[in-house]
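Each chain, letter by letter, is given below.
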There are 4 protein chains.
Amino acid sequence: MISFVNDYSENACPEILEALQQTNYEGNKAYSYDRHSELAAKFIREKIGVSDAEIQILVGGTQTNLIAMAAFLRPHEAIIAVPTGHICVHETGAVECTGHKCIEVAGVDGKVTPEDVRKVCAPQHWDHAGILTVRPKMVYISQTTEVGTVYSAAELRALREVCDEHNLLLYCDGARLSSALDCSDMTWELMGEVFDAFYIGGTKNGALFGEAMVIVNPSLQEDFRYIAKQRGGMLAKGWLLGLQFETLMQNGLYEKIGAHANRMAMIMREGLLRLGVRFTSDSPSNQQFVVFPNSVLRELENDFAWEVISTVDDNSTEIRLVTSWATKESDVHEFLRRVEVCKFN
Amino acid sequence: MISFVNDYSENACPEILEALQQTNYEGNKAYSYDRHSELAAKFIREKIGVSDAEIQILVGGTQTNLIAMAAFLRPHEAIIAVPTGHICVHETGAVECTGHKCIEVAGVDGKVTPEDVRKVCAPQHWDHAGILTVRPKMVYISQTTEVGTVYSAAELRALREVCDEHNLLLYCDGARLSSALDCSDMTWELMGEVFDAFYIGGTKNGALFGEAMVIVNPSLQEDFRYIAKQRGGMLAKGWLLGLQFETLMQNGLYEKIGAHANRMAMIMREGLLRLGVRFTSDSPSNQQFVVFPNSVLRELENDFAWEVISTVDDNSTEIRLVTSWATKESDVHEFLRRVEVCKFN
Amino acid sequence: MISFVNDYSENACPEILEALQQTNYEGNKAYSYDRHSELAAKFIREKIGVSDAEIQILVGGTQTNLIAMAAFLRPHEAIIAVPTGHICVHETGAVECTGHKCIEVAGVDGKVTPEDVRKVCAPQHWDHAGILTVRPKMVYISQTTEVGTVYSAAELRALREVCDEHNLLLYCDGARLSSALDCSDMTWELMGEVFDAFYIGGTKNGALFGEAMVIVNPSLQEDFRYIAKQRGGMLAKGWLLGLQFETLMQNGLYEKIGAHANRMAMIMREGLLRLGVRFTSDSPSNQQFVVFPNSVLRELENDFAWEVISTVDDNSTEIRLVTSWATKESDVHEFLRRVEVCKFN
Amino acid sequence: MISFVNDYSENACPEILEALQQTNYEGNKAYSYDRHSELAAKFIREKIGVSDAEIQILVGGTQTNLIAMAAFLRPHEAIIAVPTGHICVHETGAVECTGHKCIEVAGVDGKVTPEDVRKVCAPQHWDHAGILTVRPKMVYISQTTEVGTVYSAAELRALREVCDEHNLLLYCDGARLSSALDCSDMTWELMGEVFDAFYIGGTKNGALFGEAMVIVNPSLQEDFRYIAKQRGGMLAKGWLLGLQFETLMQNGLYEKIGAHANRMAMIMREGLLRLGVRFTSDSPSNQQFVVFPNSVLRELENDFAWEVISTVDDNSTEIRLVTSWATKESDVHEFLRRVEVCKFN
């Protein structure tokens, strides 16, 4: 069985498993006060060019997002996001569970636009008291998005601008950041410039687990660790997280992981395009969304795995194909070969 | 100045102010254990024909809705509502502040439809784990709705049916229930049949303040009062609430209040229709939504008051005209006369 | 039946009921933007000598306290209080329900001492990470306290000092503030100096309902109204609250209410002391806590009412006797006369 | 440097690191639907003899406790615990952050007693409305406790009994369960009998991370996974957790880990007792609490590590010495030898 189900099907990339073995008996300090966590933070600060950024590595994506909302927002402040946003549909209402409303805006290609933001922030005639609706305070984006698209540097700068106009925070969910860094013109440095806070995904980028929260805006840094602890996000063995990001942030490992995944995805994409397969999003990243006849899927399903996204019609289905650091080029070619056979039989 | 701004511009109807004077020195028991609260509950139970309904009178509408969500739902359970729903836009995110997500569905004429509900409850292909999205658990409706429309008895029975199919609660916000009872074929008895819980609005129906929560479904009754108290909804002087609903629920007072408000609204509506004014919703109730040229509004604004709803275009504006128990028929005619003058000059 | 059960057994003092009658058809603006609310705020600001204090009148005491905690504290910040504090035992966990921990300190005579505060704020050896415990951030006191005692001006200044040392807020629950103002050397002006925020109780001081939150510290004022609305604390008919405090804050009415209640309590106290009755707290205010033989209570219970506090032993019980603006001097004397008869028979 | 600071200073026991290496490319299903998680659950169910127990492995201890409270309790329900309870002082108010009050009872030797529980559950005279205080609903205990003591089987049965009397849940925090199983007469089977739910600690018992929630009471099982996900407790790579507990629950590994740690602790304890060192708790488990002269600590601190608990007086300090699966017998002897030298010089 060759799997394109997701980018977190393996335990971790070999470098990380090796590091866990090597350091077993070091006896590190608890709660992220260890030297691995310090090194990970140092490497991240250097990449983004923000020497006073606060770094705290947390365990999982939902947890990281909910801690961000709990820490950065007052109770009446709301988040702006697109309906496909991870916080809107994949986190069991974790954000609302912290008490904050998520205001959904239409977006384009899975991305929040400045127009979306302006519309939400325009005053409402009927809100005579000025307090009947929540106060929009944060724009939540994912890079790459849930539909595989990416924000360009120009789009990010435009979002930053509209956020500044309306006194909003700009927060980026980087669950698949390694892929985004490879296929967009966004750089590490730009992230340090445009985002108030973002997280560097580990789980879907070769780590065993772990997501590194990077708080650029100093006004959001105070007591963040308290809130992370209170929400169950601090690991007693915090060095396990530090060690992984120390590894990922060195020697270009994180960037290589994204580059490989994207290269595999592009081979897949170009191959399928050549075969006339229809794509439902214009994704340059490691998630590809395609429509297949159900008959083809039935022929392939014993040898390949994917995620079903939606029923298109009685005869066809939208599926998602995901590549990762662990995807083998030969497996992609094998898949393409088999699709071709299906299509022409 | 003649006001059609809302239905809560007066302190209270005279019967209620009189009752407050009469009972000042009775020395009632605290926390709703008084005989007025008992009588109010008795009258409500008789009206709806549910002898074991739990009644607890709370102070305001936002408070009543948020206590309902806090008491009736587990943390991962969500509410289905239309985007114009009071809980979605007029309560500063109070429902999300209790931790629950509100799933917005399109609706028709400001009303949730069974199809809306079925669509939300359909399983999602991509939610392989079955726990990534919140669990829909309650359908929230308002009767009358925020756009002045009403659910018919048949529509309510159809919603009950789809709720039973999907194990959902049906909850009704009755902020303007007196109006709804007069202009729909919904009866008090039907409310006892189709709703798991609902509240009988006081504030917008002649009371000084107060909303009577009626919990029909026995499984939702346990410890409701604890949660009401914990959220600040219990008044030490609970008899003040009991006394008002004892008054409203006797001698047809509540029904008369709705009937008068509606009669005033219909005179207004028919008069404006005759003058060719455009309505943005087909409302049989005490809220009327109309589009006026800005030039007309400027001529009227020194003598009449309304609420602005939205900017239609450069030259016209949607406004809301509301009638109540206190609206004088002569004031409605005076408004119509002035509109007519404006229109034809 | 003569009742000393509590100070909120009547609807409201006559001046307030009269004001409600007089203003019924004024057509005030909603959500506290009316002139009565403005006047109430003006009068309060003048009394405390803080021209930029933010005033927002809320409905009930539990609600007011919980909104304060929700608005003033970040999620990891905790409150210091004595175990008898209203928030600790009389509010169904409302404060914890906003997510904040309440740290109980022993106190003396129902009052928090500077030593209590210093002990809580001392660093813990074992908290190596510095984030394992909540961060103390607010000292909560009641004036008068739940056991009827009062903080002197000197005690309040000492608390202010220790709060400044540890960057803590000082918050005062003024549910029975009219009594405290009469029987302590605390003045309105001092409240404006030492408290970050406090509320002026209405419910137990002659109002129908309502508690006026006074936010002295400018850093706590921003967006308070949003959070009040979100928690169900804003009344659409906010002018009803404004009107009551406009009335109470004029012509010395509020101060007279406390003075009368205290005078009645002192007649009660001195009379009972003369009869050798034992008091369980040294209260100069309108709540008196005494121990009576059960046999005496049985003789009195058909004609007088009180609240039972605790079982002292098999033969005696601690009860609370409360006086208010509505207590008649003749009723106090009648009670004393009857106790005397019981005691000597 | 020889460390007795805690029992989670190493990454993980070798068996677990090995398992992570071996399974890297298996391609397991996400969100705990993998076969490792199933096997772990099977082994746990067999140990406790409850075939329908719900097992869900979460990431950390604070997280596990807070998810338990969020899932098992309604908003007004409170927890009973001793002041040294982990939830009371080591979790940054995580339980209160879920909205629940923690009622502290005195306890004996760090353990909740049936009398403590009965006292809390006795009705309060003054709570006339019956809803002014929270409703006690859960007894929280740790086994072993925070001071190293253990509940005997008889004590656990007595707690179960008082819980049944008052309709309370009995919940056990098993952060150091392997030690408790070795040094008390509590068995796995007894846990299945007396607890409504408990968790089997991984982090402090040889795992890399992970705590296995075991829900015995069927009425608590429904939708637990939703709430775990919503609070950030579900790992996408859930098999990492399953794999670790599959390993720990086989071949007596978990029991061996506790037995070794305890054996090391007993050598330490007996050695120190022989040297006349004073212990502050009577602990049979892997945490030993002792008082040392500061002069001795200064002599030892360059070669050994411990946790400081409290300042006893100007000349002595209470410290904690912890052993684990990784503690070497020779290191314990070396410590004892050095203490002896210090003491007699």
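What you are looking at is a predicted structure, and each value in this text was computed from that prediction instead of being measured. (Residues numbered from 1 in each chain as written. Chains lettered and ligands numbered in written order. Predicted model: local features only at pLDDT ≥ 70, side-chain atom pairs only at ≥ 80, totals over all residues. Heavy atoms only, no water.)

**Student:** Residues and numbers for the overall build of chain A, please.
**Tutor:** Helix and strand counts for chain A come out as 14 helices and 13 strands. In terms of overall dimensions, chain A is globule-like: its C-alpha atoms have a radius of gyration of 21 Å, near the 20 Å expected for 345 residues. Considering only C-alpha atoms, chain A reaches an extent of 65 × 65 × 30 Å along its principal axes. Burial statistics for chain A: of 345 residues in total, 67% are counted as buried. Looking at chain A as shown, the accessible area adds up to about 11700 Å², and 48% of this sits on carbon and sulfur atoms. Between the mean site of the 31 positive side-chain charges and the mean site of the 47 negative ones, chain A shows a separation of 2 Å. (Helix = DSSP H or I, 4+ residues; strand = E, 2+ residues; numbered from the N terminus. Rg over C-alpha atoms; globule rule 2.2 N^0.38 Å. Buried < 20%, exposed > 50% of the residue type's maximum accessible area, 1.4 Å probe, protein only. Areas by Shrake-Rupley, 256 points an atom, 1.4 Å probe, with all protein chains shown as cover. Lys, Arg positive; Asp, Glu negative; His and termini not counted. Charge placed at Lys NZ, Arg CZ, Asp CG, Glu CD.)

**Student:** Outline the nonpolar core, supporting the account with residue identities and numerical values.
**Tutor:** With 127 residues, the main nonpolar core has Ile200(B) and Ile200(C) as its most contacted residues. With near-sequence residues (within four places) excluded, Ile200(C) lies in contact with Ile44(C), Gly174(C), Leu177(C), Trp188(C), Glu211(C), Ala212(C), Val214(C), Phe245(C), Met249(C) and Tyr254(C). Counting 126 residues, the second largest nonpolar core, distinct from the first, contains Val139(A), Ala207(A), Ala41(D) and Ala180(D). (Core = buried A, V, L, I, M, F, W, Y, C linked by side-chain atoms within 4.5 Å. Contact = heavy atoms within 4.5 Å.)

**Student:** With reference to specific residues and values, describe the relation of the copies chain A and chain D.
**Tutor:** With an axial shift of 0.0 Å and an RMSD of 0.0 Å, the rotation relating chain A to chain D amounts to 180°. The operation mapping one copy onto its partner corresponds to a two-fold rotation axis. Interface residue correspondence from chain A to chain D reaches 100%, placing this contact among same-surface, isologous pairings. (Least-squares fit on C-alpha atoms with pLDDT ≥ 70 in both.)

**Student:** Help me get a handle on the interface of chain D and chain C, residues and values and all.
**Tutor:** Contacts between the two partners involve 25 residues from chain D and, on the opposite side, 25 residues from chain C. If you look at where chain D meets chain C, you find two salt bridges. In this structure, Glu96(D) and Lys101(C) form a salt bridge, with 3.1 Å as the shortest nitrogen-oxygen distance. Applying the counting rule to chain D against chain C returns ten residue pairs in polar contact (both at pLDDT 80 or more). (Salt bridge = Lys/Arg side-chain N within 4 Å of Asp/Glu carboxyl O. Polar contact = N/O pair within 3.5 Å; in protein donor to acceptor, adjacent residues only side chain to side chain.)

**Student:** Describe the packing of helix H2 (residues 35-48) of chain D against helix H11 (residues 239-248) of chain D, naming the residues involved and giving the relevant values.
**Tutor:** Residues and elements named next belong to chain D. Between H2 and H11, the shortest axis-to-axis distance is 7 Å and the interhelical angle comes to 40°. Viewed along their axes, H2 and H11 adopt a mutual orientation that is oblique. Relative to H11, H2 is oriented so that their crossing is left-handed. Only Trp-239, Gly-242, Leu-243, Phe-245 and Glu-246 of H11 make contact with H2, whose side of the interface consists of His-36, Ser-37, Leu-39, Ala-40 and Phe-43. A class-by-class count of the residues in the contact of H2 with H11 yields six nonpolar, three polar and one charged. (Axes fitted to C-alpha atoms, helices over the stretch in contact; angles between N-to-C directions. Parallel < 35°, antiparallel > 145°, perpendicular 65-115°, else oblique. Left-handed = near helix turned anticlockwise from the far one by under 90°. Nonpolar A, V, L, I, M, F, W, Y, C, P; charged D, E, K, R; others polar.)

**Student:** Lay out unusual backbone geometry in plain terms, naming residues and giving numbers.
**Tutor:** Here the bond from Gln143(C) into Thr144(C) is cis, since omega is -5°, no more than 30 degrees from zero. Note that Thr144(C) resides in the loop between strand S5 (135-142) and helix H7 (153-165). In this structure, Asp109(A) takes a positive phi of about 55° despite not being glycine. One non-glycine residue, Asn251(C), adopts positive backbone phi at about 55°. Note on placement: Asn251(C) falls in the loop between helix H11 (239-248) and helix H12 (253-274).

**Student:** Before we move on, can you summarise the relation of the copies chain D and chain C with the specific residues and values?
**Tutor:** Each of the two chain copies can be brought onto the other by rotation about an axis and movement along it. When chain D is fitted to chain C, the residual RMSD is 0.0 Å, and the transformation amounts to a turn of 180° plus an axial shift of 0.0 Å. Comparing contact sets, 100% of the residues at the interface of chain D also lie at the interface in chain C, consistent with an isologous, same-surface contact.

**Student:** If you had to explain the sheet that holds strand S3 (residues 77-81) of chain C to someone new, which residues and values would you point to?
**Tutor:** Residue and element names in this part refer to chain C. Overall, mixed pairing links the seven strands, which are arranged S2-S8-S7-S6-S5-S3-S4 in an open sheet. Both outer strands of the open sheet, strand S2 (54-58) and strand S4 (102-104), are each paired with one neighbouring strand and no more. Shown here is a sheet whose adjacent strand axes are inclined to one another by a mean of 25°, direction ignored. Both S5 and strand S6 (residues 169-174) contribute to a ladder of five bridges, which runs parallel. Bridge pairing in S6 links Ile-141 to Cys-172. Lying over the sheet, helix H2 (residues 35-48) contacts S2, strand S7 (197-201) and strand S8 (211-215), oriented at roughly 125° with respect to S2. (Pairing = 2+ DSSP bridges.)

**Student:** Before we move on, can you summarise the interface of chain A and chain D with the specific residues and values?
**Tutor:** Many analyses report the size of an interface as the accessible area lost when the parts associate. Contact with chain A, which involves 42 residues of that partner, is made by 42 residues of chain D. The junction of chain A with chain D conceals about 3600 Å² of combined surface from both sides, 56% of it contributed by carbon and sulfur atoms. The three residues of chain A that bury the most area against chain D are Asn11(A), Gln230(A) and Lys237(A), which together make up 17% of that side's buried surface. The interface formed by chain A and chain D holds 26 residue pairs in polar contact (both at pLDDT 80 or more) in total. Contributions of two or more residues to the side of chain A that touches chain D are made by helix H1 (14-22), helix H3 (61-72), helix H5 (94-97), helix H10 (224-230) and helix H11 (239-248) of chain A. Element by element, the count of residues in the side of chain A that touches chain D is highest for H1(A), at five residues. Classifying every residue of the side of chain A that touches chain D by side-chain character gives 21 nonpolar, 15 polar and six charged. (Buried area = accessible area lost by both parts, 1.4 Å probe.)

**Student:** Could you give me a rundown of the pattern of salt bridges, with the residues and numbers involved?
**Tutor:** Residues and elements named next belong to chain A. Enumeration over the complete set of coordinates arrives at 64 salt bridges over all chains. Salt-bridge contacts for Arg-118 lead to Glu-115; the nearest nitrogen and oxygen are separated by 2.9 Å. Here Arg-118 and its partner Glu-115 are both found in helix H6 (residues 114-121), three residues apart, which amounts to about one turn of the helix. Residue classification places Glu-115 among the partly exposed residues on the basis of a relative accessible area of 48%. Residues participating in the shared-partner salt-bridge network are Glu-115, Arg-118 and Glu-165.

**Student:** Residue-level account of H3(A), with values.
**Tutor:** Residue and element names in this part refer to chain A. Between its first and last C-alpha atoms H3 spans 16 Å; for twelve residues at 1.5 Å apiece the expected length is 16 Å, and the two agree. Among the twelve residues that make up H3, eleven are buried, leaving the element largely enclosed by the rest of the structure. Among all positions of H3, only Thr-62, Gln-63, Thr-64, Asn-65, Leu-66, Ile-67, Ala-68, Met-69, Ala-70, Ala-71 and Phe-72 are buried. (Expected span 1.5 Å × (residues − 1).)

**Student:** Hey, could you go over the side chain of Gln288(A) for me, with residue numbers and the actual values?
**Tutor:** Residue and element names in this part refer to chain A. With respect to the helices, strands and loops of the structure, Gln-288 is situated in strand S10 (residues 287-293). Judged by relative accessible area, which is 1%, Gln-288 ranks as buried. Of the polar contacts made by the side chain of Gln-288, one reaches the side chain of Arg-269; its length is 2.5 Å. Engagement of the side chain of Gln-288 in a polar contact is seen with the backbone oxygen of Ser-285, the distance being 2.9 Å.

**Student:** Pulling in residues and values, what's your account of the sheet that holds strand S9 (residues 278-279) of chain C?
**Tutor:** Residues and elements named next belong to chain C. Taken together, four strands build an open sheet; the order of strands is S9-S10-S13-S12 and the sheet is antiparallel. If you trace the sheet from one side to the other, it starts and ends with S9 and strand S12 (307-313), each paired once. The strands touched by H12 within the sheet are S9, strand S10 (287-293) and strand S13 (316-322), with S10 carrying the most contacts at an inclination of about 30°.

**Student:** Describe helix H12 (residues 253-274) of chain D, and please don't skip the residues or the numbers.
**Tutor:** If you check H12(D), its first and last C-alpha atoms are 32 Å apart, about what 22 residues at 1.5 Å a residue would give, namely 32 Å. Gly276(D) sits one or two residues past H12(D) and shows a positive phi near 80°.

**Student:** Please provide a residue-by-residue account of the packing of aromatic side chains, values included.
**Tutor:** Taken as a whole and judged by the stated rule, the model has 34 aromatic pairs over all chains. The positively charged end of Arg269(C) is found above the aromatic ring belonging to Phe279(C), 4.4 Å away from the centroid. Seen from the ring of Tyr151(D), Lys111(D) lies directly overhead, with NZ or CZ sitting 5.8 Å from the centre. (Phe/Tyr/Trp six-rings, centres within 6.5 Å; stacked < 30°, edge-to-face > 60°. Lys NZ or Arg CZ within 6 Å of the ring centre and 35° of its normal.)

**Student:** Tell me what's going on with the environment of Leu240(D), and back it up with residues and numbers.
**Tutor:** Residue and element names in this part refer to chain D. With respect to the helices and strands, the residue Leu-240 is situated in helix H11. A residue is classified by how much of its surface remains accessible, and Leu-240, at 0% relative accessible area, is buried. Note: C-alpha distance between Leu-240 and Glu-161 (79 residues apart in sequence) is 37 Å.

**Student:** Requested: an account of the pairing of S12(C), with residues and values cited.
**Tutor:** Pairing analysis gives five bridges linking S12(C) to S13(C), with the strands arranged antiparallel. Across the sheet, residue Asp313(C) finds its bridge partner in S13(C), namely Ser316(C).

**Student:** If you had to explain the environment of Tyr8(C) to someone new, which residues and values would you point to?
**Tutor:** Residues and elements named next belong to chain C. You can see Tyr-8 is positioned in the loop between strand S1 (2-3) and helix H1 (14-22). Owing to a relative accessible area of 6%, Tyr-8 belongs among the buried residues under this scheme. When the C-alpha positions of Tyr-8 and Ser-324 are compared, they lie 7.8 Å apart, and in sequence the two are 316 residues distant.

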